[in-house]
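Chain and residue survey
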Amino acid sequence: MILKYLLRKEFTQIRRNSFLPRLIITFPIMIMCVMPWVMNMEVKNIVVDVVDNDRSTLSQQLVHEIEANKYFIFHGQQPTYAQALKNIEHSEADVVVVIPQNYSRDLNSGRVPQVLIAANAVNGTKGALGSGYLSQIVSANVMPSTTAIKSKIDTLYLYNKHLNFKVFMVPALLAMVMMMITGYLPTLNIVSEKEKGTIEQINVTPVSKWTFILSKLIPYWMIAFFIVTVCLLLSWLLYDITPVGNIALIYLLSMLLALFFSSFGLIISNYSDTMQQAIFVMWFFMVILLLLSGLFTPTRSMAPFAYLSTYINPVSYFIEAMRTVFIRGGNISSISHQLLALSGIGLFMGTWAVVSYKKNKR
């Protein structure tokens, strides 16, 4: 019965707050409406300068292929490499392609001409991917036999057949929304009560620590349930993206992640005295958990010591399991490992949240 009244108090506080209800509703909507369009790993609009020292039909064919490619912005043909390099130094171009003087003669005689590709490496990602795109175009022109072999190879994509990047980002963005809402709100809840002094009224009552912590966790689990529903509806209405697997597994994974972050937020609030302190500590851990989760880069490409952190990172388990269910249509047996890991980590953090709460009786 005590838990019932404590839950009523929590929901009353959330409802009377002029900011929290708006945040809970608008934050997932903004994330799902905007982020899938901007979080795209493709690099486009690469400005290219071409130095054609051959001035032949074959060299101009290569120039026109570069000009027609959708990933490049053709800046023009420069008379010398020095002039093109000056454009890079002034940030007017990103990549320079230098076609050698005997380009067409080498091709006609069966030799492979040496085409120079120089990229601005200040932005390493843009320079590397731009050079890779251009290398494919150049290789297709200087080695036609290799291109003919590749044209006979058919690629079959088992999942996400149209390579729609939003399909990969929607389940990942769901993790980000869950982290921010279910992590920060419980943290700021208790710390704000500490600053106002109202938590002392709870400390002198016979309310047990378990009951108090549950009254702080349950409302945010219900908020997490609402957020997952909103995100799934928006992914269906805006992008026509629906889960391939069982939707109940998505809710189960989301609740387990909410258990971890709400418990983690309460742990930080138990050790924090001010709201500013709690915000900075929570942000510190959230950035680390997010960057080491495999959301932006594959975990297997990390250094060995960094990859070991994925074994205790619940976000990594959540993203892996969510993509398995959402994209590949996996069942409960295919994500059993992730479910066990999330359950174990969540229960451990929940127990820590109860034990670390200091209830001073008077």
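Reading guide: rules and limits
- Residues numbered from 1 in each chain as written.
- Predicted model: local features only at pLDDT ≥ 70, side-chain atom pairs only at ≥ 80, totals over all residues.
- Heavy atoms only, no water.
- Core = buried A, V, L, I, M, F, W, Y, C linked by side-chain atoms within 4.5 Å.
- Buried < 20%, exposed > 50% of the residue type's maximum accessible area, 1.4 Å probe, protein only.
- Helix = DSSP H or I, 4+ residues; strand = E, 2+ residues; numbered from the N terminus.
- Contact = heavy atoms within 4.5 Å.
- Axes fitted to C-alpha atoms, helices over the stretch in contact; angles between N-to-C directions.
- Parallel < 35°, antiparallel > 145°, perpendicular 65-115°, else oblique.
- Left-handed = near helix turned anticlockwise from the far one by under 90°.
- Nonpolar A, V, L, I, M, F, W, Y, C, P; charged D, E, K, R; others polar.
- Pairing = 2+ DSSP bridges.
- Phe/Tyr/Trp six-rings, centres within 6.5 Å; stacked < 30°, edge-to-face > 60°.
- Salt bridge = Lys/Arg side-chain N within 4 Å of Asp/Glu carboxyl O.
- Right-handed = clockwise from strand over helix to strand, strands pointing away.

Turning our eyes to something else, we now look at the nonpolar core. Judged by nonpolar contacts, the single largest core of 77 residues is most densely connected at Phe212, Ile213, Ile250, Leu253, Phe261 and Phe318. A per-element tally of this core places helix 8 (residues 165–196) first, with 16 residues. Aside from chain neighbours lying at most four places away, what touches Ile213 is Leu266, Ala353, Val354 and Tyr357.

The N-to-C vectors of helix 11 (residues 247–271) and helix 12 (residues 275–291) enclose an angle of 140 degrees; their axes lie 9 Å apart at closest approach. Of the possible angle classes, the one that applies to helix 11 and helix 12 is oblique. Crossing of helix 11 over helix 12 shows right-handed handedness. Only Gln277, Ala278, Val281, Met282, Phe285, Met286 and Leu289 of helix 12 make contact with helix 11, whose side of the interface consists of Phe260, Phe261, Phe264, Gly265, Ile268 and Tyr271. Counted by class, the contact of helix 11 with helix 12 contains 11 nonpolar, two polar and no charged residues.

Before going further, it helps to examine the sheet that holds strand 4 (residues 116–119). The four strands lie next to each other as 2-1-3-4, forming an open sheet whose pairing is mixed. Every interior strand has two partners, whereas the edge strands, strand 2 (72–77) and strand 4, have only one. Ignoring which end each strand starts from, the neighbouring axes of this sheet average 20 degrees apart. Direction of pairing for strand 3 (residues 95–99) relative to strand 4: antiparallel, over a ladder of four bridges. Residue Val98 lies in a different strand from strand 4, and its bridge partner there is Leu116. The strands touched by helix 3 (residues 57–68) within the sheet are strand 1 (46–52), strand 2 and strand 3, with strand 1 carrying the most contacts at an inclination of about 170 degrees.

All told, the structure shown has 10 aromatic pairs when counted by the stated rule. Seen from their ring centres, Phe260 and Phe264 are 5.7 Å apart, and the 5 degrees between their planes marks the pair as stacked. Here Phe264 and Phe260 lie together in helix 11, a separation of four residues that amounts to about one turn. Here Phe260 falls in the buried class, since its relative accessible area comes to 5%. Residue Phe264 is classed as buried on the basis of its relative accessible area of 11%. The interplanar angle of 80 degrees and the centroid separation of 5.1 Å between the aromatic rings of Phe284 and Phe285 together place this pair among those described as edge-to-face. Residue Phe284 is classed as partly exposed on the basis of its relative accessible area of 48%.

Tallied over the full model, the rule gives three salt bridges. Residue Arg111 is joined to Asp106 by a salt bridge in which the shortest nitrogen-to-oxygen separation is 3.1 Å. Residue classification places Arg111 among the partly exposed residues on the basis of a relative accessible area of 45%. One network of salt bridges, in which partners are shared, links Lys9, Glu10 and Lys216.

Okay, the pairing of strand 2 next. Looking along a regular strand, one sees the side chains alternate between the two faces of the sheet. Note that strand 1 and strand 2 share five bridges and pair parallel. Residue pairing for strand 2: Asp49 is matched across the bridge by Gly76. Between strand 1 and its parallel partner strand 2, the chain crosses via helix 3, and the hand of that crossover is right-handed.

Burial analysis of strand 3 places five of its five residues in the buried class, which makes it a mostly covered element. Residues Val95, Val97 and Ile99 of strand 3 are buried on one face, and the alternating residues Val96 and Val98, pointing to the opposite face, are buried as well.

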